Amino acid sequence: MYCKYSDHFKDECGVFGIFGTQEASVLTTLGLHSLQHRGQEGAGIVSFDGKSFHSERKQGLVGDNFNNAHILSQLPGNTAIGHVRYSTTGDSKPENLQPLFANLAIGGFACAHNGNLTNTHSIKKKLVESGSIFQTSSDTEIILQLVARSPKKKLIDKLIDTLFQIRGAYSLVILTNKKLIGVRDPFGIRPLVLGDKDGSPVLASETCALDMIGAKYVRDVKNGEIIIITKNGIKSIKPFKIVPERPCIFERIYFASPDSIIDNKTVYTYRKSLGEQLAIENNISADVVVPIPDSGVSAAIGFSQKSSIPFELGIIRSHYVGRTFIEPSQSIRQFGVKLKHSVNRSCIKNKKVILIDDSIVRGTTASKIVKMVYEAGAKEVHLGISCPPIKHPDFYGIDTPNYNQLIASNLNIKEMSNLVGAKSLFFLSLDGTYKAMGCSERNGETPQFTDHCFTGEYPIDISEILKLNSKNVTR
Ligand code: AMP
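Quick look at the structure, then. (Residues numbered from 1 in each chain as written. Predicted model: local features only at pLDDT ≥ 70, side-chain atom pairs only at ≥ 80, totals over all residues. Heavy atoms only, no water.)

## Re the environment of Val202
Note on placement: Val202 falls in strand β12 (residues 200–204). Using a relative accessible area of 0% as the deciding quantity, one classes Val202 as buried. C-alpha of Val202 to C-alpha of Pro76: the two residues are 126 residues apart in sequence and 17 Å apart in space. Once you skip the residues sitting within four places of it in the chain, Val202 turns out to touch Phe16, Gly17, Ile18, Val193, Leu194, Gly195, Asp196, Lys197, Leu210, Ile213 and Ala215. (Helix = DSSP H or I, 4+ residues; strand = E, 2+ residues; numbered from the N terminus. Buried < 20%, exposed > 50% of the residue type's maximum accessible area, 1.4 Å probe, protein only. Contact = heavy atoms within 4.5 Å.)

Structure follows, in structure tokens:
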């Protein structure tokens, strides 16, 4: 997606695909349901019935648009892919919804993309100058254009040719008239897993989508791997130079669903360990530990268990309001926080409270909630964050904003604490974050994760974006 204020493309999304089963679009709808936390702006499905491709893309939630017999009857076929899309500032246009589909000379080609390309501008400029016409402002369309123009003969070679030209974070699920294809970028920044539903191969952003449809988890798609699924079976190719995997640490901290499994552990387990580690590093005396729901719940459980301070549901979250971030402007976002959370006074009044959340980005949520908790009669409000300060923007698809808007990039911890109105504010250390992930320490030369949000170390060149956005993005 093209983002007005920072002038680059952003997408944090969920992808899904299933091959060779009678109810492909129904199962895709269910898979997308379970990936809804990855994007609430819109959803789409493309199916193939052996002759024709069928596409439906709708703004809004999966359940509101795809849970009906009429729309599913428009998506016949044994193979389908789907996408849920995350909203960022500007461009919430229907044409940007995915999967994107094009009839290429070689046949139909549908593509669902999670991630963000970092050299879109230069590629797009060249393509436009040589006559390409773009229908969307999505970076994913560049992939379709490059595949369409590749001089190679076979589809897979056209795709590889394209992948060698694009840079950035991408997990792709692609549908053609013979193949379902999964691709993960050379660093494996965004997730992609392979599953099996009664003999039908499945690709999904997270294992929770496999659980939803009763599919078995087979394995993660590896960094730099292309999985090609046809009626003859599954083939894997690795066209890139092998580099160490660098998955985005933020999937574990915030983005993925707590019940999804990454490296044999649930995301919940990692988040609970983050909370435990936060308690080890910060000895604060208090009466209750209260999570900022839902994002802070797992870490707050870990913090409470480690510190032996009782856990209480002192903030109640309305489940009829989406993620705060999906609101496009700051004024609406602030309103959104109030809509979303209310105080459970009985747990708070006359108490020393430790609030726990997974992260602070702009500080909007924390400021509102600290205020609410004081207004409900708390004696003291401390705020613990189960990751380090987010000082650097993301360009690989999780939509953390530019430097100007990142509170930790502009204020020190004391100043942030004053701004959010807490008696104290404490963050988890970077080493503690790695420890909670099961790593002994951060490997300085090749960190085990993509952790640029905390360190400013970007594994994939972002100079093109920085140059383009020098006014907004750099300080
Ligand atoms: P803010 O209110 O701007 O400080 O944002 C912090 C809240 O947003 C926390 O409750 C986080 O759980 C959540 N959050 C953190 N990172 C993201 C992200 N990339 N997208 C959406 N929400 C996020």
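## Section: the sheet that holds strand β15 (residues 233–237)
Pairing is antiparallel in the open sheet, where 6 strands are placed in the order β7-β8-β9-β10-β14-β15. Two strands lie at the open edges of the sheet, namely β7 (100–104) and β15, each paired on one side alone. The mean inter-strand angle of the sheet, taken between neighbouring strand axes irrespective of direction, is 20°. Of the strand pairs in this sheet, strand β14 (residues 226–230) and β15 are connected by 5 bridges, and their pairing is antiparallel. Within β15, the residue paired with Ile226 across the bridge is Ile237. Helix α5 (residues 140–149) rests against β7, β8 (107–117) and β9 (168–176) of the sheet, and its axis sits at about 10° to β7. (Pairing = 2+ DSSP bridges. Axes fitted to C-alpha atoms, helices over the stretch in contact; angles between N-to-C directions.)

## Some thoughts on the site of the ligand
Neighbouring the ligand are 16 residues; Asp357, Asp358, Gly363, Thr365 and Ile398 lie closest to it. Val361 is positioned such that a nitrogen or oxygen atom in its backbone is 2.9 Å from an oxygen atom of the ligand. For the ligand, an oxygen atom lies 2.5 Å from a polar atom in the side chain of Thr365. In the complex, 96% of the free accessible area of the ligand, which totals 500 Å², lies under the protein chains. Elements that contribute at least two residues to the shell around the ligand include exactly α8 (249–255) and α12 (364–375). At 3 residues, α8 tops the list of elements feeding residues into the shell around the ligand. Each residue belonging to the shell around the ligand can be placed in one class, and the counts come to 8 nonpolar, 5 polar and 3 charged. (Near = heavy atom within 4 Å. Polar contact = N/O pair within 3.5 Å; in protein donor to acceptor, adjacent residues only side chain to side chain. Areas by Shrake-Rupley, 256 points an atom, 1.4 Å probe, with all protein chains shown as cover. Nonpolar A, V, L, I, M, F, W, Y, C, P; charged D, E, K, R; others polar.)

## Concerning the pattern of salt bridges
In total, this model carries 15 salt bridges according to the counting rule given. Of the charged contacts in the structure, one is a salt bridge between Glu251 and Arg190, with a shortest N-O distance of 3.1 Å. Here Glu251 is found in helix α8, whereas its partner Arg190 is found in the loop between β10 (180–184) and β11 (193–197), with 61 residues between them in sequence. The exposure classification of Glu251 matches that of Arg190, with both residues buried. Taking the shortest distance from any N to any O, the salt bridge between Asp198 and Lys197 comes out at 3.5 Å. Through salt bridges with shared partners, a single ionic network connects Arg38, Arg190, Glu206 and Glu251. (Salt bridge = Lys/Arg side-chain N within 4 Å of Asp/Glu carboxyl O.)

## Some details on the environment of Pro258
In this fold, Pro258 is placed in the loop between α8 and β16 (261–262). For Pro258, a relative accessible area of 36% puts it in the partly exposed group. Separated by 39 residues in sequence, Pro258 and Val297 place their C-alpha atoms 10.0 Å apart.

## Remarks on the pairing of strand β6 (residues 79–85)
In terms of burial, β6 is largely enclosed, as 7 of its 7 residues are buried. Neither face of β6 is exposed, since Thr79, Ile81, His83 and Arg85 on one face and Ala80, Gly82 and Val84 on the opposite face are all buried. Of the pairings in the sheet, the one linking strand β3 (residues 14–18) to β6 comprises 5 bridges and is antiparallel in character. Opposite Phe16, over in β6, you have Gly82 as the bridge partner.

## Quick look at the side chain of Arg85
Take Arg85: it is sitting in strand β6. A residue is classified by how much of its surface remains accessible, and Arg85, at 1% relative accessible area, is buried.

## Examining helix α9 (residues 267–281)
Look at α9: 21 Å from first C-alpha to last across 15 residues, which is about the 21 Å you get at 1.5 Å a residue. Here α9 has its buried residues at Val267, Tyr270, Arg271, Lys272, Leu274, Gly275, Gln277, Leu278 and Ala279. (Expected span 1.5 Å × (residues − 1).)

## Considering the sheet that holds strand β13 (residues 216–220)
Here we have 7 strands laid out as an open sheet, ordered β5-β4-β6-β3-β12-β11-β13, and antiparallel in their pairing. Edge positions in the sheet fall to β5 (53–59) and β13, since each of these pairs with one other strand and no more. Put simply, the sheet's adjacent strands are angled 15° from each other on average, direction ignored. Across 7 bridges, the pairing between strand β4 (residues 42–48) and β6 is antiparallel. Bridge pairing links Phe48 to Thr79 in β6.

## Side note on a nonpolar patch on the surface
A surface patch of nonpolar side chains, amounting to about 200 Å² of accessible area, comprises Val26, Leu30 and Met212. Structurally, Met212 can be placed in helix α7 (residues 207–212). Its relative accessible area of 38% is what places Met212 among the partly exposed residues. (Patch = residues over 30% accessible without salt bridge, like charges linked within 9 Å, V, L, I, M, F, W, Y side chains within 5 Å.)

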